[in-house]
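Tertiary structure, described
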Amino acid sequence: MTATRNRILQIIVVTLLVATLSLKPKQAQAQEGIVVENPQAVPDFGRSITFTAKIKASSPIQQASLLFRGINEEATRVETLQVAEDGSVNFVYDASLNVFPPFSWVVYWFQATLSDGKTYTSEPNRIQYNDNRFPWREVSQANVTVHWYAGDDSFGTSALNSAGAGMLSMKDFIPLSLTEPLHIYIYSNVTDLRDTMLLGGREWSGGHAHADLGVVLVAIPPGPSQLTEMESKIPHELAHIMLYRALGDQYEKQPAWLVEGIASMVEIYPNPDYDRALEIASANNTLIPIVDLCDSFPADSGSAFLAYAQSQSFVTYIRDSFGLSGLSRLTGTYSEGFECDLGVTKALGASLNQLDARWRENVLGQNRTGVALRNLLPFLLLLVLVLIVPIWGAIDLVRQKRKHAAQSK
Ligand SMILES: [Zn+2]
């Protein structure tokens with residue numbers, strides 16, 4: 001029985017193979033005119049990308065060009081090529097001026113106009129613009145790969161475990177998506193990471209998630225605090241990627257305080273200095289109004305730190321007050337395109353400023369007398385009514401008695 005099935009399978013496979021092979025010449029015919037041999041693109045991270053190939057043409061080449069773009073870019077760069085007699089082409093792209101994000105994919109292909117006046121296009125090739133300044137090692141599980149260059153084997157394993165723990169901590173309110181690969185690059189120090197961000201053309205901000213690329217960059221030095229750092233930084237950045245995968249184009253519509261608040265909330269070891277920063281800012285009355293954290297976070301590192309601390313605390317307050325369904329109502333309304341303040345009103349029934357005030361009162365203990373007074377106000381009114389009416393009556397009674405006394409005199 002099994003033997004027969006295997007035989008049938010073999011026949012199917014062979015038939016498919018023959019069918020595929022017989023398609024080959026047709027494909028070659030479809031791109032008549034030019035054949036591009038040995039296309040290569042070699043990045044020197046932060047400096048250049050060298051493109052080389054040999055273009056074979058059926059008739060003399062009038063003009064040849066190299067076309068390339070970042071995988072998620074819309075604009076394609078076009079460079080005219082000098083073709084050597086043997087068809088060799090070579091172009092060095094200055095990657096220090098017009099940068100691609102680190103670890104992003106670059107797609108490139110060739111075009112040539114031949115003496116018949118027609119323009120022929122090659123098949124596209126792609127390369128990953130890796131930060132090849134470091135001897136990366138890697139370890140993977142499922143579709144998650146950790147890359148690191150400092151620290152031993154257990155360093156990589158711990159990082160992979162932190163990614164798993166992060167997924168667990170966010171799974172109840174962020175849909176997990178691992179159909180696309182996910183890469184975590186761990187730099188051993190902040191300077192190396194900051195260089196990458198500068199060379200990659202983005203400002204540095206702690207760790208970073210290239211959500212659209214499925215790439216996380218963090219700086220974690222091997223040492224006694226590596227585990228706490230892994231368990232806060234890796235889940236945080238993964239949350240950005242999972243949110244992006246869940247929300248797609250609507251991700252950009254979410255306010256900064258909400259996205260950063262959610263990402264900070266899934267950290268397994270939240271930054272212990274957040275509470276202290278909140279206390280000090282609350283006492284000095286220097287908290288940033290949440291409404292100012294809608295579009296982006298402050299650029300200077302001190303205010304940015306406070307912005308993270310506030311967002312983490314504020315979003316946790318929302319979750320505790322309105323539940324996980326409150327949070328998903330929020331992302332839902334922002335996805336519909338509601339602006340920052342209106343989204344909160346629609347999803348949670350209070351304006352952003354009202355919610356900000358309640359958070360300051362309930363979590364930071366601000367304005368306790370004010371809150372106490374407001375809570376007591378109905379009772380105070382009642383007290384006034386209860387007391388004033390009899391007093392008024394008493395005064396009236398005394399007046400009337402005096403009147404009577406005067407009349408009787
Ligand atoms: Zn973040």
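Just so you know, the residues in each chain are numbered from 1, in the order the chain's sequence is written. Local features in this predicted model are restricted to residues whose pLDDT is 70 or higher, and side-chain atom pairs enter the listing and the counts only when it is 80 or higher, whereas totals over whole chains, interfaces and linings include all residues. As a rule here, side-chain values cover all heavy atoms of the structure and leave hydrogens and water aside.

**Description of the environment of Leu243**
One can find Leu243 in helix α4 (residues 226–247). Residue classification places Leu243 among the buried residues on the basis of a relative accessible area of 7%. For the pair Leu243 and Thr331, spaced 88 residues apart in sequence, the C-alpha separation works out to 9.7 Å. What makes two residues a contact is simply this: any of their non-hydrogen atoms within 4.5 Å. Setting aside anything within four residues of it in sequence, one finds Leu243 in contact with Ile174, Gly248, Tyr251, Val259 and Ile262. The helix count covers DSSP runs of H or I at least four residues long, the strand count covers runs of E at least two residues long, and both are numbered beginning at the N terminus. Relative accessible area decides the class of each residue, using a 1.4 Å probe on protein chains only: under 20% of the type maximum gives buried, over 50% gives exposed, and in between gives partly exposed.

**Re the pairing of strand β6 (residues 104–114)**
Taking burial as the measure, the 11 residues of β6 include eight buried ones, the bulk of the element. Two strands pair under a simple rule: DSSP has to find at least two bridges between them. Where strand β3 (residues 61–70) and β6 come together, nine bridges link them in antiparallel fashion. From the neighbouring strand, Ile61 faces β6, where its bridge partner is Leu114. Pairing of β6 with strand β7 (residues 119–121) involves three bridges; the strand directions are antiparallel. Residue pairing in the sheet places Thr113 in a bridge with Thr119 of β7. With antiparallel pairing between neighbouring strands as the criterion, β6 and β7 make up a hairpin whose turn holds four residues, including Gly117 at a positive phi of roughly 85°.

**What about the confidence of the model for the protein chain?**
Averaged over the protein chain, the pLDDT score is 85; the fraction of residues at 70 or greater is 81%. Scored between 0 and 100, pLDDT is the confidence that the predictor attaches to each residue. Per-element confidence in the protein chain ranges from a low mean pLDDT of 46 for helix α1 (residues 2–30) to a high of 97 for strand β10 (residues 144–148). Per-residue pLDDT stays below 50 along residues 12–31; that stretch engages in one contact with residues further than four places along the chain or on separate chains.

**Here we look at the sheet that holds strand β1 (residues 34–44)**
One open sheet holds the three strands; their spatial order is β1-β2-β5, and the pairing between them is antiparallel. Every other strand in the sheet has two partners, leaving β1 and β5 (88–94) as the edge strands with one partner each. On average, each strand axis in the sheet is tilted by 15° relative to the strand beside it, whichever way the strands run. In this structure, β1 lies alongside strand β2 (residues 48–57), joined through nine bridges in antiparallel fashion. When the sheet's bridge partners are listed, Pro43 is paired in β2 with Ile49. Axis definition: a line fitted to C-alpha atoms, limited for helices to the stretch in contact. Angles are taken between N-to-C directions and run from 0 to 180 degrees.

**Examining the nonpolar core**
Residues enter a nonpolar core if they are buried and are Ala, Val, Leu, Ile, Met, Phe, Trp, Tyr or Cys, with the set joined through side-chain atoms within 4.5 Å. Counting 63 residues, the largest nonpolar core has Ile184, Ile186, Ile234, Leu238, Trp257 and Leu330 as the members making the most contacts within it. With 11 residues, helix α7 (residues 301–335) is the single largest residue contributor to this core. Each domain span listed reflects an automatic or database assignment of domains. Shared between two domains, this core takes at least three residues from each, and those domains are domain 2 (134–248) and domain 3 (254–389). Apart from the residues within four sequence positions on either side, Ile186 is in contact with Trp136, Val146, His147, Trp148, Tyr149, Phe155, Ala159, Val218, Ile220 and Ile234. Among the nonpolar cores identified, the runner-up in size contains 24 residues, and Ala64, Leu81, Phe110 and Ala112 belong to it.

**A word on the layout of surface pockets**
Residues are said to line a cavity or pocket when one of their atoms sits within 4 Å of a point; the points come from a 1 Å grid over protein atoms alone, cavities being sets where a 1.4 Å probe fits but cannot get out and pockets being open sets with protein on both sides within 12 Å along at least five of seven lines. Grid points are joined across faces, edges and corners, and a volume is the space filled by probe spheres set on the points. Put simply, the second largest pocket is a space of about 270 Å³. In terms of lining residues, the second largest pocket is bounded by 15 residues, among which Glu180, Pro181, Asp212, Leu213 and Gly214 are the most central. Split by residue class, the lining of the second largest pocket holds seven nonpolar, five polar and three charged. No fewer than three residues from each of domain 1 (31–129) and domain 2 (134–248) sit in the lining of the second largest pocket. Gly is put with the polar residues, along with every residue not named as nonpolar or charged; the nonpolar set is Ala, Val, Leu, Ile, Met, Phe, Trp, Tyr, Cys and Pro, and the charged set is Asp, Glu, Lys and Arg.

**Here we look at α7**
Think of an α-helix as turning once every 3.6 residues; residues three or four places apart then point the same way. Helix span, expected: 1.5 Å multiplied by one less than the number of residues in the helix. The end-to-end C-alpha separation of α7 is 29 Å, well short of the 51 Å expected for 35 residues at 1.5 Å each. Maximal helix bending in α7 amounts to about 120°, located at Phe322. Count one or two residues on from α7 and you reach Gly337, which has phi positive near 105°. The bend reported for a residue corresponds to the angle between axes fitted to the seven residues ending at that residue and the seven starting there.

**What about unusual backbone geometry?**
A positive phi is found at Asn38, a non-glycine position, where the angle reads about 50°. Among the structural elements, Asn38 can be located in strand β1. Non-glycine residue Phe103 carries a positive phi angle of around 65°. Within the element layout of this structure, Phe103 appears in the loop between β5 and β6. Owing to a relative accessible area of 1%, Phe103 belongs among the buried residues under this scheme.

**Quick notes on the sheet that holds strand β13 (residues 215–219)**
Read from one edge of the open sheet, five strands run β9-β10-β11-β13-β12, paired in mixed fashion. Bordering the open sheet on either side are β9 (137–141) and β12 (208–210), each of which pairs with just one other strand. If you compare each strand with its neighbour and ignore which way they point, the axes differ by 15° on average. Both β9 and β10 contribute to a ladder of five bridges, which runs antiparallel. When the sheet's bridge partners are listed, Val139 is paired in β10 with Val146. Packed on one face of the sheet, helix α2 (residues 153–170) meets β9, β10 and β11 (182–187) and runs near 140° to β10.

**Things to note about the packing of helix α8 (residues 340–348) against helix α9 (residues 352–362)**
Here α8 crosses α9 at 75°, and the two axes come no closer than 8 Å. Considering their axes alone, α8 and α9 lie roughly perpendicular with respect to each other. Between α8 and α9, the contacting residues are Cys340, Asp341, Val344 and Leu348 on the first element and Leu352, Asn353 and Leu355 on the second. Of the residues contributing to the contact of α8 with α9, the split by class is five nonpolar, one polar and one charged. By definition in this entry, angles of less than 35 degrees are roughly parallel, angles greater than 145 are roughly antiparallel, angles of 65 to 115 are roughly perpendicular, and the rest are oblique.

**Some thoughts on the coordination of the zinc ion**
Within the protein, the atoms that donate to the zinc ion are His236 (NE2), His240 (NE2) and Glu260 (OE), at distances of 2.0 to 2.1 Å. Here a donor is an N, O or S atom found within 2.8 Å of the metal, or within 3.2 Å if the metal is Na, K or Ca; sites may look incomplete because water is not among the atoms. On the primary sequence, the residues serving as donors to the zinc ion are separated as H-x3-H-x19-E. Of this pair, His236 and His240 are both found in helix α4, four residues apart, which corresponds to roughly one turn of the helix. For His236, a relative accessible area of 7% gives the class buried.

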